[in-house]
Amino acid sequence: MAGVDVKLGIRETLQKIDQVYAARSPTSNAPKPLLVAVSKTKPIELILDAYSVGQRHFGENYVQELVEKANDERILEQCKDIRWHFIGHLQSNKINKILNLPNLHMIQTVHSTKLAEGLNKAWEKLKAEHPETQAKLNVLVQINTSGEDEKNGVQPGDAVELYRYVLKKCPNLSCDGVMTIGRFGHDYSTGPNPDFGTLMKCHEQICCTFERDPAEVQVSMGMSDDFVQAIEEGSTIVRVGSSIFGARAKKPANA
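Residues numbered from 1 in each chain as written. Predicted model: local features only at pLDDT ≥ 70, side-chain atom pairs only at ≥ 80, totals over all residues. Heavy atoms only, no water.

By the definition in use, this model includes one cavity of 30 Å³ or more. Empty space within the largest cavity amounts to approximately 50 Å³. As for the largest cavity, its lining consists of Ile181, Arg183, Phe184, Gly185, Asn193, Phe196, Gly222, Met223, Asp225 and Asp226. In the lining of the largest cavity, the residues fall into four nonpolar, three polar and three charged. (1 Å grid on protein atoms, 1.4 Å probe; cavity = no way out; pocket = protein on both sides within 12 Å on 5 of 7 lines; lining within 4 Å. Points joined across faces, edges and corners; volume = space filled by probe spheres on them. Nonpolar A, V, L, I, M, F, W, Y, C, P; charged D, E, K, R; others polar.)

See the structure below:
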């Protein structure tokens, strides 16, 4: 893509993360946020560019697109340490397509007990067939903080129970934290983003309920236009796409 300097985008984004993290309240013991570069709809060449300057974690929204990218010969040969995060809506009938992929690192969008159960059973079967598979699949509980019908995620009031289900009933899943997409285009001149506040409240409730160290429970929120504010609020994973790869293309067919 002409005119897109991915390497510069990565460097500038990491620099901003460093600056905001350094300025965060000293009472916060949350870890330095992880950058997940959202490469959905972007060509392999741009992923290779980002990888070449040290970026390892990449996020994809569409099952078929992730299947194609994770199995691409150039990715397999040149990006052996790549870590894929699935950050889109995952239907139960597509679980096996995702879990069988090389270098899958995390499913960030577990929004129901049905999906959690499906992932748990599929990962158990995968381990039986491939003993080298890691013991547990990393997942986040997705919470619908904005109340929008088109957004997936469990309601905030049910977040603790979904987290409990994964923790107690899904031994093949590692429930690493919480995630939200939130409402787009919040006007920060009116005050902090209420969706971020809601997710942090869910995070606090989960940590209190299960006696977890807050620094060890991940918070995935914040994208290109608001990851700075998300880090200020307590995010430990930011999902940045257009600031790195340029404007988003249309959703690919058959995704």
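Attention now moves to the pattern of salt bridges. Tallying each qualifying case throughout the model produces nine salt bridges. Across the salt bridge formed by arginine 74 and aspartate 72, the nearest N and O atoms sit 3.2 Å from each other. Since its relative accessible area comes to 33%, arginine 74 is described here as partly exposed. Between arginine 183 and glutamate 148 there is a salt bridge whose closest N-O contact spans 3.7 Å. One end of the pair, arginine 183, is in the loop between strand E6 (173–179) and helix H8 (194–209); the other, glutamate 148, is in the loop between strand E5 (137–142) and helix H7 (159–169), with 35 residues separating them in the sequence. The class of arginine 183 is partly exposed, set by a relative accessible area of 45%. Where salt bridges share partners, they join Glu45, Asp72 and Arg74 into one cluster. (Salt bridge = Lys/Arg side-chain N within 4 Å of Asp/Glu carboxyl O. Buried < 20%, exposed > 50% of the residue type's maximum accessible area, 1.4 Å probe, protein only. Helix = DSSP H or I, 4+ residues; strand = E, 2+ residues; numbered from the N terminus.)

What follows covers the UniProt feature "modified residue: N6-(pyridoxal phosphate)lysine" (unreviewed entry) in the protein. In this numbering, the UniProt entry assigns the feature "modified residue: N6-(pyridoxal phosphate)lysine" (unreviewed entry) to Lys40. In this structure, lysine 40 sits in the loop between strand E1 (34–38) and helix H2 (44–52). Assessed through its relative accessible area of 11%, lysine 40 is described here as buried. (UniProt positions renumbered as here; feature names shortened; annotations may be inferred.)

Buried together is how nonpolar side chains tend to be arranged in soluble globular proteins. Counting residues in each nonpolar core, the largest one holds 67 residues, and the members touching the most others are Phe58, Leu90, Ile98, Leu99, Ile107, Leu119 and Leu137. One finds Val36, Met106, Leu140 and Met179 within the second-largest nonpolar core, a separate group that totals five residues. (Core = buried A, V, L, I, M, F, W, Y, C linked by side-chain atoms within 4.5 Å.)

On to helix H1 (residues 6–23), then. One full turn of an α-helix is made of 3.6 residues, so residues set three or four places apart face in the same direction. Compared with an ideal rise of 1.5 Å per residue, which puts 18 residues at 26 Å, H1 spans 26 Å between its outermost C-alpha atoms and is within 8% of the ideal. Turning to H1, its buried residues number three or more, namely Val6, Gly9, Ile10, Thr13, Ile17 and Val20. Take H1 and look down its axis: the buried residues cluster within an arc of 105°, on one side only. Summarising the geometry of H1, the exposed residues directed more than 90 degrees from the buried face are Ala22 and Ala23. Those residues of H1 that are buried lie in contact with E1, H2, helix H9 (227–233), strand E8 (237–240) and helix H10 (242–245). Capping the start of H1 is the job of one residue whose side-chain oxygen sits 3.4 Å from the backbone nitrogen of lysine 7: aspartate 5. (Expected span 1.5 Å × (residues − 1). Arc of directions from axis to C-beta. Contact = heavy atoms within 4.5 Å. Polar contact = N/O pair within 3.5 Å; in protein donor to acceptor, adjacent residues only side chain to side chain.)

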